[in-house]
Amino acid sequence: MKRLFYLFLVCGLFFSFGSYSENEENKPKPNLYYQPKKVTPFHQYKQQLNKKKHKQHNVNSRNKQKGKKKKKHNTPYDHQVYLAKSNDGLKWKVNASPLYQHASVPDIVRLKNGTLLIYFVDWSGQDVVKEDHYLSVAKSTDQGKTWWRTRVKILSRKGDGRAVDPNAIVLKNGKVKLFYLGNFGRPNPPNQPAKVHHIYSATSTDGITFKEDPGVRFSHPKVTDPDVIQTPLGWKMFVTEKQTNLMASSTDGKTFTLAPKPASTNGAISKTIAMSGGYRMYKCSRDGLRSQFTKDFQTWRDEGVRIKLKGGMGPVCDPGIVKLKDGSYLMVLKTFMKDNQQDRPR
């Protein structure tokens, strides 16, 4: 019995010693050559200085980002509409403040009872409606002193996109005919190299609710901003292709055919009205809002710049002109908003 007890005791000591040896071998050996670095006041000062430099670098980087010029946008949300007045149609005085902000591509007509209507692309309600923009009409019964606006309704729409670039005329029967680009924002059809834009029209008795007319008035690649006038020489439509104003003609106002010669090559997005002895076209150009005159729509005489922006800031464009009861003229025009401030034309 004693022998068995001593045998167990020897085995226990042997296994205990073996596990102790393994644990000692697995322990990390101290580095006899490592000396911990002493942190002196000089080292503390240097560390604080490096932290300050790093912090200042981050601040400078943020300031540089803030100082970068923001990319300019060109949407109706960045535009605003002004009114301007003239006694002769040549010298204009622009109102000190815009009529509407976040608005673009305006046009104006006067009904037979003297009521004024301004049509424009409206982006002011983009936060409360699903559409980012739509057509609105502003109405005035006191020769432009006060205005109220509402949304334009176009019934029986057949266009495959949104209606933009409104242009209105008053027919002999008193109805309002609205021309517009009707397939805005749609991709190119298959096997079509350049997108063909379609100009549609709609007719209204009150100037607010329209019914789209059957068919398409005019189609051409990449044209915008129709400008239509009915004259004894027939219907004329001017459409914009970059800085060129193309002309199309019609005998019935329903089907327009492209003319071989453009009306202008140094400005576009126009409004043409009848004047004494002929017709005057107001158009956007690189140096301001210009005008040109014609008697037969074949030859044009340039009349120079009518309106330009104060200080040369940005373009002034998209004119719409109407003759008032007293013989003076009222114009609506578009300019750009700059950092939510007003760029006032003159």
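Each remark here, short or long, concerns the structure printed above.
Residues numbered from 1 in each chain as written. Predicted model: local features only at pLDDT ≥ 70, side-chain atom pairs only at ≥ 80, totals over all residues. Heavy atoms only, no water.

Participant: Sorry, what's going on with the overall build of the protein here?
Facilitator: Scanning the protein from N- to C-terminus turns up two helices and 24 strands. When the 346 residues of the protein are sorted by exposure, 43% land in the buried category. Within the protein, residue pairs in contact and separated by at least 24 positions form 49% of the contacts whose partners lie at least 6 positions apart. For the protein, the accessible surface area stands at approximately 21200 Å², while carbon and sulfur atoms represent 54% of it. (Helix = DSSP H or I, 4+ residues; strand = E, 2+ residues; numbered from the N terminus. Buried < 20%, exposed > 50% of the residue type's maximum accessible area, 1.4 Å probe, protein only. Contact = heavy atoms within 4.5 Å. Areas by Shrake-Rupley, 256 points an atom, 1.4 Å probe, with all protein chains shown as cover.)

Participant: Quick question: what am I supposed to make of the state of the cysteines here?
Facilitator: Disulfide: a covalent bond connecting the sulfur atoms of a pair of cysteines. For the structure shown, the criterion picks out one disulfide. Disulfide partner of cysteine 284: cysteine 317, at an S-S distance of 1.7 Å. Taking the sign of the S-S torsion, about 105° here, the bridge from cysteine 284 to cysteine 317 comes out right-handed. Of this pair, cysteine 284 sits in strand E19 (residues 278-285) while cysteine 317 is found in strand E22 (residues 316-323), placing the two residues 33 residues apart along the sequence. You can call cysteine 284 buried: its relative accessible area is 6%. (Disulfide = S-S within 2.5 Å.)

Participant: Sorry if this is basic, but what is going on with the sheet that holds strand E5 (residues 116-122) here?
Facilitator: In sheet architecture, strand pairing relies on hydrogen bonds along the backbone and comes in two forms, parallel and antiparallel. If you trace the four strands from one edge of the open sheet to the other, you get E4-E5-E6-E7, paired in antiparallel fashion. In this open sheet, the two edge strands, each paired with only one partner strand, are strand E4 (103-110) and strand E7 (148-151). For this sheet, the mean inter-axis angle between neighbouring strands, taken without regard to orientation, is 25°. (Pairing = 2+ DSSP bridges. Axes fitted to C-alpha atoms, helices over the stretch in contact; angles between N-to-C directions.)

Participant: Explanation requested: empty space enclosed by the protein in the structure shown.
Facilitator: Empty space among the atoms becomes visible once a probe the size of a water molecule is rolled across them. Under the definition given, this model contains one cavity of 30 Å³ or more. Of the volumes computed, that of the largest cavity is approximately 110 Å³. Lining the largest cavity are 13 residues, with Pro106, Pro166, Pro226, Ser270 and Pro319 sitting closest to its centre. For the lining of the largest cavity, the secondary-structure elements that each account for two or more residues are E4, strand E9 (162-170), strand E14 (224-231), strand E18 (268-275) and E22. Class assignment for the residues of the lining of the largest cavity results in six nonpolar, two polar and five charged. (1 Å grid on protein atoms, 1.4 Å probe; cavity = no way out; pocket = protein on both sides within 12 Å on 5 of 7 lines; lining within 4 Å. Points joined across faces, edges and corners; volume = space filled by probe spheres on them. Nonpolar A, V, L, I, M, F, W, Y, C, P; charged D, E, K, R; others polar.)

Participant: Looking at this structure, I do not really get the pattern of salt bridges. What am I missing?
Facilitator: For side chains bearing opposite charge, pairing can occur when the charged atoms are close. Considering all chains together, one arrives at eight salt bridges under this definition. Linking lysine 177 and aspartate 213 is a salt bridge whose minimum nitrogen-to-oxygen distance equals 2.8 Å. Here lysine 177, found in strand E10 (residues 176-184), pairs with aspartate 213, found in the loop between strand E12 (209-212) and strand E13 (218-221); they are 36 residues apart in sequence, far enough to count as distant. An identical accessibility class is assigned to lysine 177 and aspartate 213; each is buried. (Salt bridge = Lys/Arg side-chain N within 4 Å of Asp/Glu carboxyl O.)

Participant: For this particular structure, what's the right way to read the sheet that holds E14?
Facilitator: On the basis of which strands lie adjacent, the open sheet formed by four strands has the order E14-E15-E16-E17 and antiparallel pairing. Both edges of this open sheet fall to E14 and strand E17 (257-258), since each of them pairs with a single strand only. When strand E15 (residues 234-241) meets strand E16 (residues 244-250), the two strands line up antiparallel, connected through seven bridges. The residue bridging methionine 237 from the neighbouring strand is alanine 248, located in E16.

Participant: Would you mind going over unusual backbone geometry with me for this structure?
Facilitator: Working note: non-glycine residues mostly have negative phi, and peptide bonds are mostly trans. The backbone of lysine 222 sits at a positive phi, close to 60°, despite the residue not being glycine. For lysine 222, the position within the fold is in the loop between E13 and E14. Given the relative accessible area of 54%, lysine 222 is considered exposed. Within the chain, aspartate 318 stands out as a residue other than glycine whose phi angle is a positive 55°. Looking at where aspartate 318 falls in the secondary structure, it is placed in strand E22.

Participant: Please clarify how the pairing of E12 should be interpreted in this entry.
Facilitator: Two faces belong to every sheet, and in a regular strand the side chains alternate between them. The alternating pattern of E12 places Phe210 and Glu212 on a buried face, while none of Thr209 and Lys211, on the opposite face, is buried. Note that strand E8 (residues 153-155) and E12 share three bridges and pair parallel. Among the inter-strand pairings, isoleucine 154 is bridged to a residue of E12, identified as phenylalanine 210. Across two bridges, the pairing between strand E11 (residues 196-204) and E12 is antiparallel. When the sheet's bridge partners are listed, threonine 203 is paired in E12 with lysine 211. Taken together, E11 and the strand that follows it, E12, pair antiparallel across an intervening segment of four residues, in which glycine 207 is found at a positive phi of about 80°.

Participant: Would you mind showing me how to read the packing of aromatic side chains here?
Facilitator: What describes a pair of aromatic rings is the distance from one ring centre to the other and the angle between the planes of the rings. Throughout the structure, instances matching the rule amount to eleven aromatic pairs. On the basis of an interplanar angle of 85° and a centroid distance of 6.5 Å, the ring pair of phenylalanine 179 and phenylalanine 256 is categorised as edge-to-face. Highlighted residues: phenylalanine 179 in strand E10 and phenylalanine 256 in the loop between E16 and E17, separated in sequence by 77 residues. Each member of the pair, phenylalanine 179 together with phenylalanine 256, is buried. In textbook terms, an aromatic cluster arises when at least three aromatic residues are bridged by ring pairs, as seen for Phe238, Tyr279, Phe297 and Trp300. Between the NZ or CZ atom of arginine 151 and the centre of the ring of tyrosine 134, over which it lies, the distance is 4.2 Å. (Phe/Tyr/Trp six-rings, centres within 6.5 Å; stacked < 30°, edge-to-face > 60°. Lys NZ or Arg CZ within 6 Å of the ring centre and 35° of its normal.)

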